[in-house]
Amino acid sequence: HILLIDSNSPLMEQLNFFHDHTLLIITLITILVGYNMLSLLTNSFINRFLLHGQLIEIIWTILPAIILLFIAFPSLRLLYLLDETNKPSLTLKSIGHQWYWSYEYSDFKNIEFDSYMIPSAELNEGDFRLLDVDNRIVLPNHTQIRLIATATDVIHSWTVPSLGVKIDATPGRLNQTNFYMNRSGLFFGQCS
């Protein structure tokens, strides 16, 4: 996958496939339009058979519509997959604040903690600047996880690119999404 992060969830794999599918269609369109422009520059500009051509007008009207359908149907399928919530085994509540996130595990025990970004001056060797936090979320893999996001002050966006998860945290509103991790590891997110 070109310039995309390695996927760690089935949804992110589907997003990568859709990216490649759309990129292939765009590449084919670019080659076709480039070939037509090059042939216009090298050939004669007069063609007496194209003066009244309903067939060519039908083709250049219907062909783009068909191409758009080849992009729209996989896109709609993916939108519904991203929005579907399957019987979660664990719920994580994420509350966005100005400079940190608060998390609550409320399914088993009432566990609450704040997660602050580690300042650049306090980073250890091997830590990632502007990504590492003092209290990390620990989640199981091969488990359907529901994330509920809200905020206390302004609109935030809870994002983990390798999971294909991005959800807005809006004050006074609860938004939910779900994700599933294929393997264990350390995954960084950001407020975008």
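Residues numbered from 1 in each chain as written. Predicted model: local features only at pLDDT ≥ 70, side-chain atom pairs only at ≥ 80, totals over all residues. Heavy atoms only, no water.

## Looking at the packing of aromatic side chains
Inference 1: In this structure the tally under the stated criterion is five aromatic pairs.
Inference 2: Both rings, one in Phe-128 and one in Phe-188, keep their centres 5.1 Å apart while their planes meet at 70°; by these two values the pair is edge-to-face. In this pair, Phe-128 is assigned in the loop between β3 (111-116) and β4 (144-151) and Phe-188 in the loop between β7 (175-180) and β8 (190-191), connecting sequence segments 60 residues apart.
Inference 3: Ring geometry for Trp-158 versus Phe-179: centroids 6.2 Å apart, planes at 25°, classification stacked. In this pair, Trp-158 is assigned in strand β5 (residues 156-160) and Phe-179 in strand β7, connecting sequence segments 21 residues apart. Of the two residues, Trp-158 and Phe-179, both sit in the buried class.
Inference 4: An aromatic cluster of three or more residues is present, and its members are Tyr-103, Tyr-105 and Phe-113. (Phe/Tyr/Trp six-rings, centres within 6.5 Å; stacked < 30°, edge-to-face > 60°. Helix = DSSP H or I, 4+ residues; strand = E, 2+ residues; numbered from the N terminus. Buried < 20%, exposed > 50% of the residue type's maximum accessible area, 1.4 Å probe, protein only.)

## Quick notes on the sheet that holds strand β6 (residues 165-169)
Inference 1: Spatially, the three strands line up as an open sheet ordered β6-β5-β8, and their pairing is antiparallel. The sheet is open, and its two edges are formed by β6 and β8, each paired on a single side.
Inference 2: Pairing of β5 with β6 involves five bridges; the strand directions are antiparallel. Counterpart to Trp-158 in the pairing with β6 is Ile-167. (Pairing = 2+ DSSP bridges.)

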